[in-house]
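Observations on the model geometry
As a plain string of letters, each chain reads:
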Amino acid sequence: MTYSAHDARNDEPLAAEQTLLRVEGLKRTFGRGSGAAVVLQGVNLSIARGRLVALKGRSGSGKTTLLNLLGALDQPTEGSVDFDGVVLSGLSDKARGDIRRTQMGLIFQSFALFPLMSAYENVEFAMRIAGVPASARKEAALQALDYVGLKPRMHHRPFEMSGGEQQRTAIARAIAHKPKLLLADEPTAELDSRTGLHILSVLRDLVREEGMTVVMTTHDPAIMEIVDEVYELEDGTIVEAAKV
Ligand SMILES: Nc1ncnc2c1ncn2[C@@H]1O[C@H](COP(=O)(O)OP(=O)(O)OP(=O)(O)O)[C@@H](O)[C@H]1O
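Okay, so let's go over this structure. These numbers were taken from a predicted model, which means no experiment stands behind them. (Residues numbered from 1 in each chain as written. Predicted model: local features only at pLDDT ≥ 70, side-chain atom pairs only at ≥ 80, totals over all residues.)

Points about the overall build of the chain
Helix and strand counts for the chain stand at eight helices and 10 strands. Over its C-alpha atoms the chain spans a radius of gyration of 18 Å, differing by no more than 12% from the 18 Å that the globule rule assigns to 244 residues. C-alpha atoms of the chain, sized along the principal axes, occupy 50 × 40 × 40 Å. Within the chain, the fraction of its 244 residues that count as buried is 43%. Nonlocal contacts in the chain, meaning residues at least 24 apart in sequence, comprise 69% of its contacts between residues at least 6 apart. (Helix = DSSP H or I, 4+ residues; strand = E, 2+ residues; numbered from the N terminus. Rg over C-alpha atoms; globule rule 2.2 N^0.38 Å. Buried ≥ 20, exposed ≤ 12 C-beta atoms within 10 Å, placed from the backbone. Contact = placed C-beta atoms within 7 Å.)

With respect to the sheet that holds strand β2 (residues 37-48)
Read from one edge of the open sheet, four strands run β2-β1-β4-β5, paired in antiparallel fashion. What marks the edges here is a single partner per strand, and that holds for β2 and β5 (86-87). The pairing of strand β1 (residues 19-30) with strand β4 (residues 78-83) spans five bridges and is classified as antiparallel. Paired with Glu24 across the bridge in β4 is Ser80. (Pairing = 2+ DSSP bridges.)

Some words on the site of the ligand
Every residue close to the ligand is listed here: Phe30, Ala37, Val39, Gly57, Ser59, Gly60, Ser61, Gly62, Lys63, Thr64, Thr65 and Thr217. The set of elements that each furnish at least two residues to the shell around the ligand consists of β2 and α2 (63-70). The biggest single contributor to the shell around the ligand is α2, with three residues. Of the residues that constitute the shell around the ligand, the class distribution is three nonpolar, eight polar and one charged. (Near = placed C-beta within 6 Å. Nonpolar A, V, L, I, M, F, W, Y, C, P; charged D, E, K, R; others polar.)

Quick word on the sheet that holds strand β7 (residues 181-185)
Read across the sheet, six strands follow the order β6-β7-β8-β3-β9-β10 without closing on themselves; strand pairing throughout is mixed. Only two strands of the sheet have a single partner each, and these edge strands are β6 (104-107) and β10 (237-243). Averaged over all pairs of adjacent strands, the angle between strand axes in this sheet comes to 15°, irrespective of strand direction. Here β7 runs beside strand β8 (residues 213-218); their pairing, made up of five bridges, is parallel. Across the sheet, residue Asp185 finds its bridge partner in β8, namely Thr217. (Axes fitted to C-alpha atoms, helices over the stretch in contact; angles between N-to-C directions.)

Here's the deal with helix α7 (residues 193-210)
Taking 1.5 Å per residue, 18 residues should reach 26 Å; α7 reaches 25 Å between its end C-alpha atoms and fits that length. Considered for burial, the residues of α7 that qualify are Gly196, Ile199, Leu200, Leu203, Leu206 and Val207. Viewed along the axis of α7, the buried residues span an arc of 110°, placing them on a single side of the element. For α7, the exposed residues lying more than 90 degrees away from the buried face are Arg194, Ser201, Arg208 and Glu209. Its buried side turned inward, α7 meets β3 (52-56), α6 (163-175), β7, β8 and α8 (221-226). (Expected span 1.5 Å × (residues − 1). Arc of directions from axis to C-beta.)

In structure tokens, the structure reads:
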């Protein structure tokens, strides 16, 4: 069964052009033989463009593993992830990397901000990596920093900013090249509730105003208040899909 909270609401399958992500029969194991751990199994889902989606579930249920597969950071053991009509596992490492850099934005703890660069430089550098031409980078960086309300502090380095400001810098860095998909791993985990709500409103606006698709993992009940769809994982399988 393919889970799609969007389908469940409308009782109609998603049209191909509405679908940004289609996951079929996804399985991921780590290790081999009798010691192999099955971390994801039989995951099917379909996510439409312009949706704000949460993946929830207990610690160890497989949320980050699934997010890594959606973001082409990892390869499935079986099954496929189709991103905007392209099956990611059918591509070379280079082609997958190109799609990730140019069409996706990632907010992951493992992609920390560069400590010696200012907020502006962090955002500008990410666009260089994404292949945005030099002539367009300055304006796009300023626009992204303005979007998250950080323009006044854009010359500060991460250690001179609060946790919320650092997270907003990470969002600006992830969205400056206008990706189709934004993936965020526990984006409010390290923040107090007020700052976390501010971050969530920025993500909400990106979906509403810019038509971006956002998929994030979370333990945060506040996230459930603002998302369009929630998928719950249990032991590597989706057990519930809901329109909130
Ligand atoms: N590279 C790896 N090698 C071996 N096991 C792994 C690897 N990555 C993840 N796992 C295992 O897969 C399971 C799911 O991990 P995952 O990080 O996806 O869970 P999660 O739902 O994101 O948890 P949390 O909420 O704590 O971040 C865990 O048991 C973890 O130990």
